[in-house]
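# Structural description and commentary
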Amino acid sequence: MTIANQARVLVVDDSEAHIRLVERVLHDEGYECLADTCGRDALARAAASPPDLMLLDLDLPDLSGLDVCRTIKAGVDTRLIPVLIITGAADGGSHLAALEAGADDFLAKPVDVAELRARLRSAVRLTHYIHELDNATASIVMLGAAIEARDRSTEGHCERLAGMASRLGRRIGLAEDDVRALDRGGFLHDLGKVCVPDAVLFKPGPLTRAEFEVIKMHPLAGDRICAPLRSLERVRPIIRSHHEMLDGTGYPQGLRGSAVPLLAQIAAIADVYDALTTDRPYRGALSPARAYEILRTEALAGKRDGVLVTEFIESCESLSEGPGCDCAPQTLNPILPSSCCGTDAGVPKPPTLFEATGVQSFIDSAIQPRSVEARAKRHVGGLR
Ligand SMILES: [Fe+2]
């Protein structure tokens with residue numbers, strides 16, 4: 001739907017007469033009308049091409065309207081479709097059951113045309129609003145993909161991190177919402193690097209203390225970018241705290257112990273592992289065995305959770321996988337050239353978000369727009 005009056009509305013009703021009546025109203029309002037007379041056809045149509053709104057009768061010949069509603073609201077790609085129940089059973093029990101099944105609104109038969117128009121407009125406004133939010137989320141994910149494309153030396157890092165972190169989350173039995181957050185958080189964890197100037201991010205020599213202070217802004221900058229979007233609420237702790245350490249030596253807040261969010265701990269382990277096992281301008285890739293040893297050493301030093309590290313290593317070994325962050329292992333190498341983990345001396349005023357580099361500058365230089373779009377798409381999927 002590009003504008004409100006182009007909404008595609010699916011009418012599901014076993015009464016042809018009722019469909020024709022609603023169809024007239026929809027056409028008057030400028031909406032596109034799709035119609036099905038049974039629940040299974042409606043579900044198949046919605047799964048193949050989700051409509052912007054569904055008008056659903058409770059009494060269908062095959063499935064119950066409530067079951068159709070529940071299925072729609074349980075589907076990753078369909079759950080945000082507003083469902084307006086229209087039924088002749090206008091008692092309080094039906095109304096309550098419809099709401100419990102996830103229906104967004106309820107209208108009694110015989111339909112009052114003026115009321116139907118008003119409810120339709122309201123529901124289409126809601127759909128339009130949802131689409132706007134979704135587009136905003138998609139834009140942020142696209143931004144994450146463009147940021148990754150900005151640095152050829154770490155190409156694929158976010159994608160790998162997302163895979164490893166979500167696999168570990170699933171392995172330790174996290175809820176599916178958390179696993180999805182790990183997937184998106186892995187992809188978006190370094191979003192805040194948009195505020196780090198190229199001169200600092202790609203500096204070939206050791207960073208000064210001042211430059212490291214600029215780098216340390218990136219978790220909070222990324223968190224601020226995502227803050228307005230509820231769809232990224234679970235992802236924000238990962239972005240904000242992926243450089244924290246259990247012993248309080250991390251950044252940006254120096255959190256300790258259980259104050260470091262679990263999802264951020266998981267993402268950080270994957271981040272460090274990928275950084276260690278991929279080539280960097282300042283060193284070659286370490287072997288997985290050496291990276292495991294370093295992670296175990298960090299766990300023994302109280303910087304990382306030992307159980308998580310063990311589970312992570314076992315999950316990697318079970319897949320015989322490898323692969324890096326350009327900014328992760330600050331505890332291992334205090335002065336990492338050309339990374340966000342180096343440090344030295346001096347302290348400049350950090351640039352404001354978008355001020356230092358400007359989003360457009362790297363989007364323009366994003367090397368492979370198509371691959372950026374393709375990678376972003378995978379992480380937008382399911383947000384609807
Ligand atoms: Fe980072």
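Worth saying up front: this structure is predicted, and the values here are computed from it rather than measured.

Time to look at the overall build of the protein chain. Across its full length, the protein chain carries 16 helices and five strands. Sorting the 384 residues of the protein chain into buried and exposed places 45% on the buried side.

With that out of the way, let us pick up the nonpolar core. If you look at the biggest cluster of nonpolar residues, it comprises 58 residues, and the most contacted ones within it are Ala165, Ile266, Ala267, Ile269, Ala270, Tyr273 and Leu295. By residue number, the principal contributor to this core is helix H12 (residues 262–276), which donates eleven residues. Contact partners of Ile269, with chain neighbours within four places excluded, come to Leu295, Arg304, Leu308, Val309 and Phe312. Ranked by size, the runner-up nonpolar core spans 35 residues in total, among them Ala46, Leu60, Val83 and Val124.

The share of residues in the protein chain with pLDDT of 70 or more is 77%, and the mean pLDDT across the chain is 78. Below pLDDT 50 for its whole length, residues 322–384 participates in 140 contacts with residues either more than four positions away or in separate chains.

Let us look at the environment of Ala74. Relative to the assigned elements, Ala74 resides in helix H3 (residues 65–74). On the basis of neighbour count, Ala74 is assigned to the exposed category, with 10 C-beta atoms found within 10 Å. As for Ala74 and Ala101, which are separated by 27 residues in sequence, their C-alpha atoms are 9.8 Å apart.

So, about unusual backbone geometry. Omega for the peptide link from Lys109 to Pro110 comes to -5°, which places this bond in the cis form. Tracing the sequence through the fold places Pro110 in the loop between strand S5 (105–108) and helix H5 (113–150). With an omega of 10°, the peptide bond running from Tyr251 to Pro252 counts as cis. With respect to the element layout, Pro252 can be found in the loop between helix H11 (236–241) and H12.

Once that is clear, we can look at the sheet that holds strand S1 (residues 8–12). Spatial strand order, S2-S1-S3-S4-S5: five strands in an open sheet with parallel pairing. Edge strands, defined here as strands with exactly one partner in the open sheet, are strand S2 (32–36) and S5. With direction set aside, neighbouring strand axes in the sheet form an average angle of 20°. Sitting on the sheet, helix H2 (residues 39–48) is in contact with S1, S2 and strand S3 (53–57), with an inclination near 160° to S1.

Okay, the environment of Leu220 next. With respect to the helices, strands and loops of the structure, Leu220 is situated in helix H10 (residues 218–226). For the pair Leu220 and Leu191, spaced 29 residues apart in sequence, the C-alpha to C-alpha distance is 9.7 Å.

Turning our attention to H10. By the criterion of burial, H10 is predominantly enclosed, with seven of the nine residues buried. Looking only at H10, the buried set comprises His218, Pro219, Ala221, Gly222, Asp223, Ile225 and Cys226.

Next up on the list: the packing of helix H6 (residues 157–171) against H12. It is at 9 Å that the axes of H6 and H12 come closest, and there the two elements cross at 135°. Overall, the two elements H6 and H12 adopt an arrangement that is oblique. Of the two elements, H6 crosses H12, and the hand of that crossing is right-handed. For the pair H6 and H12, the contacting residues are His157, Arg160, Leu161, Met164, Ala165, Leu168 and Gly169 in the first and Ile266, Ala267, Ala270, Asp271, Tyr273 and Asp274 in the second.

Within the secondary structure, His131 sits in helix H5. Taking the C-alpha atoms as reference points, His131 and Leu80, 51 residues apart in sequence, are found 9.3 Å from one another.

On to the pairing of S3, then. Extensive coverage of S3 is indicated by the burial of five of its five residues. Here S3 shows two buried faces, one formed by Leu53, Leu55 and Asp57 and the other by Met54 and Leu56. The pairing of S1 with S3 spans four bridges and is classified as parallel. From the neighbouring strand, Leu10 faces S3, where its bridge partner is Met54. Bridge count for S3 against strand S4 (residues 83–87) is four bridges, and the pairing is parallel. The residue of S4 that forms the bridge with Asp57 is Ile86.

Across its 13 residues, helix H7 (residues 176–188) extends 18 Å between first and last C-alpha, which sits within 8% of the 18 Å expected from 1.5 Å per residue. Those residues of H7 that fall on the buried side of the exposure criterion are Val179, Arg180, Ala181, Leu182, Asp183, Arg184, Gly185, Gly186, Phe187 and Leu188.

The next thing to look at is the packing of H12 against helix H13 (residues 288–300). The interhelical angle for the contact between H12 and H13, taken along N-to-C directions, is 140°, at an axis separation of 9 Å. The angle between H12 and H13 falls in the class oblique. Two packed elements cross with a definite hand, and for H12 against H13 that hand is right-handed. The residues of H13 that touch H12, namely those facing Ile269, Val272, Tyr273 and Leu276, are Ala291, Ile294 and Leu295. Of the residues that constitute the contact of H12 with H13, the class distribution is seven nonpolar, no polar and no charged.

Calculation criteria
Residues numbered from 1 in each chain as written. Predicted model: local features only at pLDDT ≥ 70, side-chain atom pairs only at ≥ 80, totals over all residues. Helix = DSSP H or I, 4+ residues; strand = E, 2+ residues; numbered from the N terminus. Buried ≥ 20, exposed ≤ 12 C-beta atoms within 10 Å, placed from the backbone. Core = buried A, V, L, I, M, F, W, Y, C linked by C-beta atoms within 7 Å. Contact = placed C-beta atoms within 7 Å. pLDDT = per-residue confidence, 0-100. Pairing = 2+ DSSP bridges. Axes fitted to C-alpha atoms, helices over the stretch in contact; angles between N-to-C directions. Parallel < 35°, antiparallel > 145°, perpendicular 65-115°, else oblique. Left-handed = near helix turned anticlockwise from the far one by under 90°. Expected span 1.5 Å × (residues − 1). Nonpolar A, V, L, I, M, F, W, Y, C, P; charged D, E, K, R; others polar.

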